[in-house]
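# Remarks on the overall topology
Residues per chain, in single letters:
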Amino acid sequence: MGMSSDNARGLALAVSSSFFIGSSFVIKKVGHRKAAHSGMRAGSGGFSYLHEPLWWVGMITMIGGEIANFAAYAFAPAILVTPMGALSIIVSAVLAHCVLNEKLKKPGWIGCILCIVGSAIIALHAPKEREIESVKQIWHYATQPGFLVYCCIVLIIVLVLIFRVAPRYGQKQMLVYIAICSLMGSLTVMSAKAFGIALKLSVLSKKNQFIYFQTWFFIFVVIGFVVIQLIYLNKALDTFNTAIVSPVYYVLFTIFTILASMIMLKEWHVESGTQISTEILGFVVIILGTFLLNSKESDKSTPSELTNLNGSEASDSPTQLP
């Protein structure tokens, strides 16, 4: 199946985004390790990493990747852009193997190959982006009952996780922090897509979309939700192994984002059964690859093992991946 020019642009932006974001995980992890020797760890509620220059290098790298990722959503559907995040897992895992000494063994390398194959399958069979002529059209989709119900459910779950679950179980169960990031991420992506389309229409089509309050609403949602995601992603990265956080975050984030996109934009409305089945197959291949990257459970140290009374990092022995 031929790829439209907009899909090709979106794919190129998504791939470049994955390289930046995958690198940022490892750079920030190194920054967290250095910062842990001079203050309280992020996983324990500390913010000493904000004084570590290397952490800011990782943050700038991630921001660059996120900008490219958000731009990709302006050109291509979520079913194409989001699964490309698997490439960031590969970059993160390989760099963690080389830089952090978090060893990646043979099944992990096979997982990397599967992620690439699955991404290629989806890229070749992704649907064309729905034609949107105004940010008001996106607002119409976002205020449909189905998507409003999804938003309410997500926000309720996130609030419960933040205020009730995370304080008690966050440092023991990685899924708590990752679930917050992934659920918020699905709404962030939909808002970022709306903002990206508004920007594209304003620049390329000379139709100023910034005169509408809906555009600014989507911008504020993106900013606010991204800040929350970064806080809890930093907690997850500081508390758990980078090579474990990345694939689990990817799988949950992708599932929730595609679900939100299906509810809001109904991007599969023009696809054949064969095309949908092929896309699902590609996604399953990617998921298999991510689980191969994590097919042997890593050693998960408890917070007391990671810090001493002064908040410094104790031992930093490498975690083995298959």
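Residues numbered from 1 in each chain as written. Predicted model: local features only at pLDDT ≥ 70, side-chain atom pairs only at ≥ 80, totals over all residues. Heavy atoms only, no water.

Note the threshold: UniProt positions are given in the numbering used here, feature names are shortened, and annotations may be inferred rather than shown by experiment.
Per an unreviewed UniProt entry, the recorded name for the protein is Probable magnesium transporter, and the organism is Rhynchospora tenuis. One UniProt comment on the protein, placed under Function (unreviewed entry), says "Acts as a Mg(2+) transporter. Can also transport other divalent cations such as Fe(2+), Sr(2+), Ba(2+), Mn(2+) and Co(2+) but to a much less extent than Mg(2+)." Its UniProt record gives the protein a comment under Sequence similarities (unreviewed entry), which states: "Belongs to the NIPA (TC 2.A.7) family."

## Regarding the side chain of Asn234
Filter applied, for reference: Only DSSP runs of H or I with at least four residues qualify as helices, and only runs of E with at least two residues qualify as strands; both kinds are numbered from the N terminus onward. The term polar contact refers here to a pair of N or O atoms within 3.5 Å; inside protein, the definition further demands a hydrogen-donor-capable atom paired with an acceptor-capable atom, and it admits residues adjacent in sequence only when both atoms are side-chain atoms.
Along the polypeptide, Asn234 turns up in helix H9 (residues 213-239). Here the side chain of Asn234 touches Leu230 through a polar contact of 2.9 Å, landing on its backbone oxygen.

## Some points on the packing of aromatic side chains
Rule in force here: Centre distance within 6.5 Å is the pairing criterion for rings of Phe, Tyr and Trp, where only the six-membered ring of Trp is used; planes under 30 degrees apart are then read as stacked, over 60 as edge-to-face, and the remainder as tilted. The cut-offs for exposure are 20% and 50% of the maximum accessible area for each residue type, with area from a 1.4 Å probe on protein chains only; residues under the lower value are buried, those over the upper are exposed, and the others partly exposed.
Tallied over the full model, the rule gives 10 aromatic pairs. Ring centres of Trp55 and Trp56 lie 4.9 Å apart, and the angle between their planes is 85 degrees; on these two criteria the pair is classed as edge-to-face. You can call Trp55 buried: its relative accessible area is 3%. Between Trp139 and Phe217, the ring centres sit 5.3 Å apart and the planes meet at 90 degrees, which makes this aromatic pair edge-to-face. Taken together, the positions of Trp139 in helix H6 (residues 135-142) and Phe217 in helix H9 put the pair 78 residues apart, joining distant regions of the chain.

## Details of the environment of Ala74
With respect to the helices and strands, the residue Ala74 is situated in helix H2 (residues 53-75). Taking C-alpha positions, Ala74 is 6.9 Å from Lys200, a pair spaced 126 residues apart along the chain.

## Describing the layout of surface pockets
Applicable threshold: For cavity detection a 1 Å grid was placed over the protein atoms alone, and a set of points counts as a cavity when a 1.4 Å probe fits there but cannot get out; an open set counts as a pocket when protein lies on both sides within 12 Å along at least five of seven lines, with lining residues being those that have an atom within 4 Å of a point. Grid points are joined across faces, edges and corners, and a volume is the space filled by probe spheres set on the points. In this classification, the charged set is Asp, Glu, Lys and Arg, the nonpolar set is Ala, Val, Leu, Ile, Met, Phe, Trp, Tyr, Cys and Pro, and all remaining amino acids, among them Gly, are polar.
Of the voids in this model, the largest pocket is the one considered here, and its volume is about 830 Å³. Those elements giving two or more residues to the lining of the largest pocket turn out to be helix H1 (5-35), H2, helix H4 (86-100), helix H8 (174-204), H9 and helix H10 (242-265). Classifying every residue of the lining of the largest pocket gives 31 nonpolar, 11 polar and 2 charged.

## Concerning the pattern of salt bridges
Close approach of charged atoms lets side chains of opposite charge pair. Keep this limit in mind: Salt bridges are defined by distance alone: a side-chain nitrogen of Lys or Arg within 4 Å of a carboxyl oxygen of Asp or Glu.
What the rule picks out here adds up to 1 salt bridge. Of the charged contacts, one joins Asp6 and Arg9 as a salt bridge, the two residues approaching to 2.8 Å between their closest N and O atoms. A residue pair is termed a helical-turn pair when its members lie 3 or 4 positions apart in one helix, as Asp6 and Arg9 do in helix H1 at 3 residues. What makes Asp6 partly exposed here is its relative accessible area of 27%. Residue class for Arg9 comes out partly exposed when judged on its relative accessible area of 44%.

## Remarks on the confidence of the model for the protein
Quick reminder of the rule: A residue's pLDDT is the confidence the predictor assigns to it, expressed on a 0 to 100 scale. What makes two residues a contact is simply this: any of their non-hydrogen atoms within 4.5 Å.
Within the protein, residue pLDDT values average 79, and 83% of them lie at 70 or more. The secondary structure element of the protein with the lowest average pLDDT is helix H12 (residues 303-306), at 38, and the one with the highest is helix H7 (residues 145-169), at 95. Between residues 297-322, whose pLDDT stays under 50, and residues either more than four places distant or in other chains, the model counts 50 contacts.

## Structural notes on a nonpolar patch on the surface
Filter applied, for reference: Any residue with relative accessible area above 30% and no salt bridge may belong to a patch, with like charges joined within 9 Å and the nonpolar Val, Leu, Ile, Met, Phe, Trp and Tyr side chains within 5 Å. Using a 1.4 Å probe, accessible areas were evaluated by the Shrake-Rupley method; residue-level cover was limited to the displayed protein chains.
The grouping of Trp216, Phe220, Ile223, Val227 and Ile231 at the surface amounts to a nonpolar patch, some 500 Å² of accessible area in total. Along the chain, the position of Trp216 falls in helix H9.

## Some remarks on the packing of H2 against H9
The condition that has to hold: All axes here are fitted lines through C-alpha atoms, helices being fitted over the stretch that makes contact, and every angle between N-to-C directions spans 0 to 180 degrees. For classification purposes, an angle smaller than 35 degrees is called roughly parallel, one larger than 145 roughly antiparallel, one from 65 to 115 roughly perpendicular, and anything else oblique. Should the near helix be turned anticlockwise from the far one by less than a right angle, the crossing is termed left-handed; should it be turned clockwise, right-handed.
Between H2 and H9, whose axes approach to 13 Å, the crossing angle comes to 135 degrees. The pairing of H2 with H9 is recorded here as oblique in orientation. Crossing hand, H2 versus H9: right-handed. Taking contact as the criterion, the partners of Trp55, Met59, Met62 and Phe70 in H2 are, on H9, Val222, Val226, Leu230, Leu233 and Asn234.

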